[in-house]
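# Fold and geometry: a report
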Amino acid sequence: MSAELVSYGPVTRLSVSGVGEPGGAEHVSAIGALYAVASAMGGASGPLEGLWWVEEDGPPLLVARERWRWHLLLPAVEAGCAGALERAREAVRASGAAVDRVVVSSFTEGECVEVVHEGPFSEEWRSLAVMEAFMAERGLVAGGPHHEVYLTGLDDPSPRTVLRQPVRRA
């Protein structure tokens, strides 16, 4: 596996923010709400994504998972269209999903270090180490939340995940 330097311009996504471990109740509820709203907007137009960070000093992977913070993101057909979010929320409100938590977010990551991780999430530290070495060799430091793009379902026995780290010069 090798890391590469890439650049990303502005994107618009459906988004839900929260705190807690991946696969925990809040995380699962947020995913359900995103997909319910996206479905009412004509369906998801890309894979689920997550921005992850901690608000504590020290290595993020050593922070208890129930204190991890995240924005879950989902590209949707009409995410940027005026009034589409409100119409979609109303259309699926009876589903019981927490649709009022879903918002439309736009952001630009700019320059990023990226690698495709193949394997379980518990082994991502190996790919993250490759990214950290790549960054150190080039005088780069993290410049925003860690970004993951889930190329396979979260329950896939052989997951593939794009790991992306926005960077800036040290």
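Residues numbered from 1 in each chain as written. Predicted model: local features only at pLDDT ≥ 70, side-chain atom pairs only at ≥ 80, totals over all residues. Heavy atoms only, no water.

## So, the nonpolar core
Here is the rule we go by: Put simply, buried Ala, Val, Leu, Ile, Met, Phe, Trp, Tyr and Cys residues joined by side-chain atoms within 4.5 Å make one nonpolar core. Three exposure classes are used, based on accessible area relative to the maximum for each residue type with a 1.4 Å probe and protein chains only: buried under 20%, partly exposed in between, and exposed over 50%. By the criteria applied, helices consist of DSSP H or I runs no shorter than four residues and strands consist of E runs no shorter than two, each listed in order from the N terminus.
In terms of nonpolar packing, the biggest core is built from 27 residues, with Leu14, Leu34, Val37, Met41 and Val102 touching the most fellow members. Of all the secondary-structure elements, those providing two or more residues to this core are strand S1 (4–19), helix H1 (25–40), strand S3 (69–74) and helix H2 (84–92). Judged by nonpolar contacts, the second largest core, of 10 residues, contains Ala3, Leu128, Met131 and Leu163.

## Quick word on the packing of H1 against H2
To keep things clear, this is the line we draw: Each axis is a line fitted through C-alpha atoms, taken for helices only over the stretch in contact, and angles between the N-to-C directions span 0 to 180 degrees. An angle counts as roughly parallel when it lies under 35 degrees, as roughly antiparallel when it exceeds 145, as roughly perpendicular when it falls between 65 and 115, and as oblique in every other case. We call two residues contacting when some pair of their heavy atoms lies within 4.5 Å. Under the convention adopted here, Pro, Cys and the residues Ala, Val, Leu, Ile, Met, Phe, Trp and Tyr are nonpolar, Asp, Glu, Lys and Arg are charged, and Gly plus all remaining residues are polar.
Between H1 and H2, the least distance of the axes is 8 Å, while the angle of their chain directions is 110°. Taken together, the axes of H1 and H2 lie roughly perpendicular to each other. Packed against H1, whose contacting residues are Ala36, Val37 and Ala40, the element H2 presents Leu85, Ala88, Arg89, Ala91 and Val92 at the interface. Taken together, the residues that form the contact of H1 with H2 break down as seven nonpolar, no polar and one charged.

## Side note on the packing of aromatic side chains
Test applied: Two rings belonging to Phe, Tyr or Trp (six-membered ring only in the last case) form a pair when the distance between their centres is within 6.5 Å. Interplanar angles under 30 degrees mark stacking, angles over 60 mark edge-to-face geometry, and anything in between is tilted. Charge-over-ring contacts are defined here by two conditions on Lys NZ or Arg CZ: a distance within 6 Å of the ring centre and an angle within 35 degrees of the ring normal.
Scanning all chains against the criterion turns up two aromatic pairs. Aromatic pair tryptophan 52 and tryptophan 68: ring centres 5.9 Å apart, planes at 80°, arrangement edge-to-face. Pair noted here: tryptophan 52 is in strand S2 (residues 49–53) and tryptophan 68 is in the loop between S2 and S3, with a separation of 16 residues, a long-range link. A single burial state applies to tryptophan 52 and to tryptophan 68, both of which are buried. Measuring from ring centre to ring centre gives 6.0 Å for phenylalanine 121 and tyrosine 150, while their planes differ by 85°; the resulting arrangement is edge-to-face. Separated by 29 residues along the polypeptide, phenylalanine 121 in the loop between strand S4 (103–118) and helix H3 (124–137) and tyrosine 150 in strand S6 (residues 146–150) bring together distant segments of the chain. The class for tyrosine 150 is buried, based on a relative accessible area of 8%. The ring of phenylalanine 134 has arginine 138 lying over it, and the distance from NZ or CZ to the ring centre is 3.5 Å. Over the aromatic face of tyrosine 8 sits the side chain of arginine 164, whose NZ or CZ is 3.8 Å from the ring centroid.

## Topic: the environment of arginine 168
Position of arginine 168 relative to the elements: it lies in strand S7 (residues 160–169). C-alpha of arginine 168 to C-alpha of leucine 140: the two residues are 28 residues apart in sequence and 5.5 Å apart in space. If sequence neighbours within four positions are ignored, arginine 168 has contacts with Gly139, Leu140, Val141, Ala142 and Gly143.

## Details of the confidence of the model for the chain
For clarity, the cut-off: Known as pLDDT, the predictor's confidence for each residue is given on a scale from 0 to 100.
In this model, the chain carries an average pLDDT of 94, and 100% of its residues clear a pLDDT of 70 or more. Model confidence for the chain, summarised as mean pLDDT per element, is weakest for H2 at 95 and strongest for S7 at 98.

## Notes on the pattern of salt bridges
Once the charged atoms of two side chains with opposite charge are near each other, the side chains can pair. Defined as follows: Salt-bridge detection follows one rule: a side-chain nitrogen of Lys or Arg within 4 Å of a carboxyl oxygen of Asp or Glu.
In the structure shown here, the tally under the stated rule is 12 salt bridges. For the salt bridge of glutamate 111 with arginine 169, the shortest nitrogen-to-oxygen distance reads 3.7 Å. Of the two residues, glutamate 111 is situated in strand S4 and arginine 169 in strand S7; the sequence distance between them amounts to 58 residues. For the salt bridge of arginine 126 with glutamate 123, the shortest nitrogen-to-oxygen distance reads 2.5 Å. Take arginine 126: its relative accessible area is 46%, and that puts it in the partly exposed class. Relative accessible area serves as the criterion here: at 26%, glutamate 123 is assigned to the partly exposed category. Overlapping salt bridges bring together Glu90, Arg93 and Asp100 as one network.

## A look at the side chain of histidine 147
Put simply, the rule is: Here a polar contact means two N or O atoms within 3.5 Å. Within protein one must be a hydrogen donor candidate and the other an acceptor candidate, and residues neighboring in sequence count only if both atoms are side-chain atoms.
By secondary structure assignment, the location of histidine 147 is in strand S6. Given a relative accessible area of 1%, histidine 147 falls into the buried group. A polar atom in the side chain of histidine 147 sits 2.7 Å from the side chain of glutamate 109. Other than its neighbours up to four places away in sequence, histidine 147 contacts Glu49, Gly50, Leu51, Leu73, Phe107, Glu109, Val162, Leu163 and Arg164.

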